[in-house]
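Listed below are the residues making up each chain.
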Amino acid sequence: MSKHALMLATSHNDLRAIKALKQMGFHVVATGGKSGLVGEQFVDEYFQIDYSEKEEVLKFAETQNIDHICACCNDFGVITASFVAEKLGLSGHDSYENTLILHRKDMFKKFAKEHDIFTPYAECFADENSALNYIEAVQYPVIVKPSDLSAGNGISRADSKEQAVIAIRNALGKSRIKKIVIEPFIDGSQHGFCTFLINKKVVAVCSNNEYSFVNPYRVEIDTFPADNFDEVKDFLIGQIEKMAAILNLKDGIFHLQYRMQDNKPYIMECMRRTIGNMYGTPAEKHTGINWDYWQMAVYCGLDLSGFPKNSRQTNFCAYKTIMAKQNGYVKEIIVPEDINRFVHDTHFLWKPENPVQNHMSEPLGFLFMAFPNMETMKNVLLDRYDAICLA
């Protein structure tokens, strides 16, 4: 009888993880707050339960024959998975407390300050009046973020007190726990640094540049590798291994985003999960590692002795998220042939009969691409950004 793995969502971002679990031979039970998503057709059972409601997921898991629980590609999913795993004694997850430290911005900032982790100094607030008093004397620009959200939700840059007031109210209104952080705006390039930990040591790295066009707080294009990888890798690996040692972290993905300013890599966010925008597809082509597969292996307590520790970043890969510039109907996506020749895979979410209701956050699909060199990659994706047309 096959063992049962509980997967907390079935979105396009969880599709590779679901397929990995099936490849491993698990009976996959899935939950989610929205039915009809692409991954649902690949699971064995589906139940409509909001994965961010950890107590509800725990009650559900207690009624099922669950051997393992697998976080989805969302910070709430990681928090719920660690909570349930701790309550039921399941393997493959950091403690609930440590998961909160790494995924809640207010808790991470406190931890970073105590342990000298290189991140912008931030003040954390749980009420509007304290935050409004703070911005009276702050140096602008600042960035205001809800403590508990990801994918750019509720984040605003403020260049003046007047903008900061709006940003504070917006962030507090979006935050489920009604906590926010305010920190200096780091004006520099943004990058991703994905690593895999085994015994608290980094055994693989995948780096990328991050670009945003439609929504400045939602990553739209990643190009692999990061421009500054050689300059920052040793420092960032040291920071990750330091955190792993202090928090006694489990094996698996440790991903961070950083911004470069004055040749210094400021750590902005940390996460212990698979990465959004179907990151695993270009990451696998870039490194030869199926990151989603090995993360599911961690969650399910499988042997990691076969993990490809000697991988290298060997080519120039990218993904492009196709975004609309306004709400409404998109009848056709036109990719010119001289760009399409670099595309090796696609995944479309868009349907002509369904209107775009929030163009700032709704992806229409993804193009996965490979290039002969960095110059060509940047020319196609950045200089010719508008060459891909929506009709």
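Higher on the page you've got the structure.
Quantities reported herein were computed from a predicted structural model and do not represent experimental measurements.

S.K.: A description of the overall build of the protein should follow, citing residues and the corresponding values.
M.R.: Looking only at helices and strands, one finds twelve helices and 18 strands in the protein. Taken over C-alpha atoms, the radius of gyration comes to 21 Å for the protein, in line with the 21 Å a tight globule of 391 residues would show. Once the C-alpha set of the protein is aligned to its principal axes, its extents read approximately 65 × 50 × 45 Å. Taking as baseline every contact in the protein between residues at least 6 positions apart, the subset at least 24 positions apart corresponds to 67%.

S.K.: Quick one: what's the story with empty space enclosed by the protein, residue by residue and with numbers?
M.R.: Over the atoms rolls a probe the size of a water molecule, and in doing so it shows where empty space is left. Taken as a whole and judged by the stated rule, the model has four cavities of 30 Å³ or more. For the largest cavity, the calculated volume is near 100 Å³. Elements with a minimum of two residues in the lining of the largest cavity: α3 (75-88) and α10 (291-299). Taken together, the residues that form the lining of the largest cavity break down as three nonpolar, five polar and five charged.

S.K.: Account for the sheet that holds strand β6 (residues 142-146), naming residues and giving values.
M.R.: Overall, antiparallel pairing links the four strands, which are arranged β5-β8-β6-β7 in an open sheet. On the outer flanks of this sheet lie β5 (123-125) and β7 (156-158), each paired with one strand and no other. Across the sheet, the mean angle separating the axes of adjacent strands is 25° when strand polarity is ignored. Here three bridges tie β6 to β7, and the two strands are oriented antiparallel to one another. Across the sheet, the residue bridging to Val142 is Ala158, located in β7.

S.K.: Explain the sheet that holds strand β1 (residues 4-7) to me, and be specific about the residues and the numbers.
M.R.: Taken together, the four strands give an open sheet; going across it, the order is β3-β2-β1-β4, and neighbouring strands pair in parallel fashion. Looking at the sheet topology across the chains shown, the edges are occupied by β3 (45-47) and β4 (68-70). Neighbouring strand axes in the sheet, compared pairwise and without regard to direction, differ in orientation by 25° on average. In the sheet, strand β2 (residues 27-31) pairs with β3 via three bridges, with the strands oriented parallel. Across the sheet, Thr31 pairs through a bridge with Phe47, a residue of β3. Strands in contact with helix α1 (residues 15-23) are β1, β2 and β4; relative to β1, the strand with the most contacts, it is inclined by about 180°.

S.K.: Run through the pairing of β1, naming residues and quoting values.
M.R.: Alternating positions in β1 separate into two faces, His4 and Leu6 on one and Ala5 and Met7 on the other, with burial throughout. Where β1 meets β2, four bridges bridge the pair, whose relative direction is parallel. Of the residues in β2, the one forming a bridge with Met7 is Ala30. On the question of chirality, the crossover connecting β1 to the parallel β2 by way of α1 is right-handed. Pairing of β1 with β4 involves three bridges; the strand directions are parallel. Opposite Ala5, over in β4, you have His68 as the bridge partner.

S.K.: I'd love a proper account of the packing of helix α5 (residues 105-115) against helix α8 (residues 229-247), names of residues and values included.
M.R.: Interaxial distance between α5 and α8 falls to 12 Å at its minimum, and their mutual angle equals 100°. As far as their axial angle goes, α8 and α5 are roughly perpendicular. Contact residues: α5 offers Phe108, Phe111 and His115, while α8 offers Lys242, Met243, Ile246 and Leu247. A class-by-class count of the residues in the contact of α5 with α8 yields five nonpolar, one polar and one charged.

S.K.: Before we move on, could you go through the state of the cysteines and cite the residues and values that matter?
M.R.: Under the counting rule described, the total for this entry stands at zero disulfides. With no disulfide partner, Cys70 has as its closest neighbouring cysteine sulfur the one in Cys300, 4.0 Å distant. According to the relative accessible area criterion, Cys70 is buried, its value standing at 0%. The exposure class assigned to Cys300 is buried, which follows from its relative accessible area of 3%.

S.K.: Any details on the packing of aromatic side chains? Residues and values, ideally.
M.R.: Two measures describe an aromatic ring pair: the distance that separates the ring centres and the angle between the ring planes. Across all of its chains, the model carries 15 aromatic pairs by this definition. Ring geometry for Phe366 versus Phe368: centroids 6.3 Å apart, planes at 20°, classification stacked. Three or more aromatic residues joined by ring pairs make a cluster, and in this case those are Phe196, Tyr293, Trp294 and Phe307. We note Lys54 situated over the ring of Phe83; from NZ or CZ to the ring centre the distance is 5.5 Å. Sitting above the plane of the Phe76 ring, Arg176 keeps its charged end 4.3 Å from the centroid.

S.K.: How would you explain helix α9 (residues 280-287) if you had to name every residue and give the values?
M.R.: With six of eight residues buried, α9 lies mostly within the body of the structure. Listed as buried for α9 are Gly280, Thr281, Pro282, Ala283, His286 and Thr287. Backbone geometry just after α9 places Gly288 at a positive phi near 80°.

S.K.: Report on the pattern of salt bridges, specifying residues and quantitative values.
M.R.: One pass over the structure, following the stated rule, counts 20 salt bridges. Linked through salt bridges whose partners overlap, the residues forming this network are Lys105, Lys109, Lys145, Glu183 and Glu269.

S.K.: Explain α10 residue by residue, including any values.
M.R.: Because the α-helix completes a turn every 3.6 residues, residues three or four places apart line up on one side. Taking burial as the measure, the nine residues of α10 include eight buried ones, the bulk of the element. Among the residues making up α10, those that are buried are Trp291, Asp292, Trp294, Gln295, Met296, Ala297, Val298 and Tyr299. Once α10 finishes, Gly301 follows within two positions and takes phi at roughly 70°, a positive value.

What counts and what doesn't
- Residues numbered from 1 in each chain as written.
- Predicted model: local features only at pLDDT ≥ 70, side-chain atom pairs only at ≥ 80, totals over all residues.
- Heavy atoms only, no water.
- Helix = DSSP H or I, 4+ residues; strand = E, 2+ residues; numbered from the N terminus.
- Rg over C-alpha atoms; globule rule 2.2 N^0.38 Å.
- Contact = heavy atoms within 4.5 Å.
- 1 Å grid on protein atoms, 1.4 Å probe; cavity = no way out; pocket = protein on both sides within 12 Å on 5 of 7 lines; lining within 4 Å.
- Points joined across faces, edges and corners; volume = space filled by probe spheres on them.
- Nonpolar A, V, L, I, M, F, W, Y, C, P; charged D, E, K, R; others polar.
- Pairing = 2+ DSSP bridges.
- Axes fitted to C-alpha atoms, helices over the stretch in contact; angles between N-to-C directions.
- Buried < 20%, exposed > 50% of the residue type's maximum accessible area, 1.4 Å probe, protein only.
- Right-handed = clockwise from strand over helix to strand, strands pointing away.
- Parallel < 35°, antiparallel > 145°, perpendicular 65-115°, else oblique.
- Disulfide = S-S within 2.5 Å.
- Phe/Tyr/Trp six-rings, centres within 6.5 Å; stacked < 30°, edge-to-face > 60°.
- Lys NZ or Arg CZ within 6 Å of the ring centre and 35° of its normal.
- Salt bridge = Lys/Arg side-chain N within 4 Å of Asp/Glu carboxyl O.

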